[in-house]
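# Chains, contacts and geometry: an overview
This is what each chain is made of:
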Amino acid sequence: MQPMKLRRALLKEMSKANTVEIADSIGANQADFDRLMAIVLSDDNKVAQRAAWVMSHCADSYPWLVEKHVEALLLNLRLTAGDAVKRNSLRVLKNVDIPEIHMGIAADLCFGFLNSTREPIAVRVHAMVVLLNIAKRFPELGNELKQTIKAHMPYGSAGFKSIGRKTLNTLSKMSGGN
């Protein structure tokens, strides 16, 4: 899909049907996905939000399309203020294998999101799952993640508590029940 055609399709309407249609037209085509990612990473917040939703749908079916964009997504998470872009970027990152070289920045960003009560719940819980995935590869991170989740549980929403309990259970199993 050509860049202007993609942009017009994204601006057509904000609906799940339109999002799925665009994601289906991109399919497993890396070049089309790369064009979509350029929009996700752009400064045009309205189009970036819509493109991020499409990115998330594409990554559900073809997670390997995201691999070459992990570093850019992390940098964008550091710089972006758009909740929809954050939410969808973290949703994608929780389902891809973050290269070890980028895990430090991913962990720092995700702990920041998890600890910020100003972040929407969806951003915080997706960050929690990204951190759990990192802790599976670096178990020494598990204790810090446990303490962080426990500190926020009394004040968390039902969604936060639900994912928090599941994450704590997984961390407990990883550490032998401690």
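Before any of the text, the structure's been laid out above.
Residues numbered from 1 in each chain as written. Predicted model: local features only at pLDDT ≥ 70, side-chain atom pairs only at ≥ 80, totals over all residues. Heavy atoms only, no water.

### A word on the packing of helix 2 (residues 16–26) against helix 4 (residues 45–61)
Selection criterion: Axis lines are fitted to C-alpha atoms, over the contacting stretch for helices. Their N-to-C directions set the angle, which ranges from 0 to 180 degrees. Note on conventions: DSSP H or I runs of at least 4 residues are helices, E runs of at least 2 residues are strands, and numbering of each starts at the N terminus. Relative orientations are named as follows: roughly parallel for angles under 35 degrees, roughly antiparallel for angles over 145 degrees, roughly perpendicular for angles from 65 to 115 degrees, and oblique for any other angle. Two helices that cross are described as forming a left-handed crossing if the nearer one is turned anticlockwise from the farther one by less than a right angle, and a right-handed crossing if clockwise. Note on contacts: a residue pair is in contact if any heavy atoms of the two residues lie within 4.5 Å. Any residue outside Ala, Val, Leu, Ile, Met, Phe, Trp, Tyr, Cys, Pro, Asp, Glu, Lys and Arg is labelled polar, Gly included; the first ten of those are nonpolar and the last four are charged.
Direction vectors running N to C along helix 2 and helix 4 enclose 55 degrees, while the axes themselves pass 9 Å from each other. Here helix 2 is positioned oblique relative to helix 4, judged by the angle of their axes. For the pair helix 2 and helix 4, the sense of crossing is right-handed. Of the residues in helix 4, those touching helix 2 at K16, T19, V20, I22, A23 and I26 are W53, V54, H57 and C58. Tallied by class, residues from the contact of helix 2 with helix 4 come to 7 nonpolar, 2 polar and 1 charged.

### Quick word on the nonpolar core
Soluble globular proteins: nonpolar side chains tend toward being buried together. Here is the rule we go by: Only buried residues count toward a nonpolar core. Its members are Ala, Val, Leu, Ile, Met, Phe, Trp, Tyr and Cys residues joined through side-chain atoms within 4.5 Å. When accessible area is computed with a 1.4 Å probe and restricted to protein chains, residues below 20% of their type maximum are described as buried, those above 50% as exposed, and intermediate ones as partly exposed.
Ranked by internal contacts, the top residues of the largest apolar core, which has 55 residues, are L10, F33, L36, M55 and L93. Non-local contacts of M55, meaning those with residues more than four positions away in its chain, are made with F33, L36, M37, V40, L73, N88, S89 and V92.

### Quick word on the pattern of salt bridges
Operational definition: Take a side-chain nitrogen of Lys or Arg and a carboxyl oxygen of Asp or Glu: if they are within 4 Å of each other, that pair is a salt bridge.
Taken as a whole, this structure holds 6 salt bridges when the rule is applied. The closest approach of N and O atoms between D60 and R91, which form a salt bridge, is 3.0 Å. Placement of D60 in helix 4 and of R91 in helix 6 (residues 83–93) is noted, with a sequence separation of 31 residues between them. Residues E119 and K86 are paired through a salt bridge, measuring 2.9 Å at the closest nitrogen-oxygen approach. Placement of the pair is E119 in the loop between helix 7 (100–115) and helix 8 (121–137) and K86 in helix 6, with a sequence separation of 33 residues. Accessibility expressed as a relative area gives 13% for E119, which makes it buried.

### Let's talk about the packing of helix 4 against helix 6
Geometry of a packed helix pair, given as the angle between the helix axes and the separation of the axes. Contact pair helix 4 / helix 6: the axes reach a minimum separation of 8 Å and the direction vectors enclose 15 degrees. Classified by the interaxial angle, the pair formed by helix 4 and helix 6 is roughly parallel. Where helix 4 crosses over helix 6, the two elements pack in a sense that is left-handed. Residues A48, Q49, A52, W53, M55, S56, A59 and D60 of helix 4 pack against A84, V85, N88, S89, R91 and V92 of helix 6. Residue composition of the contact of helix 4 with helix 6, grouped by class: 8 nonpolar, 4 polar and 2 charged.

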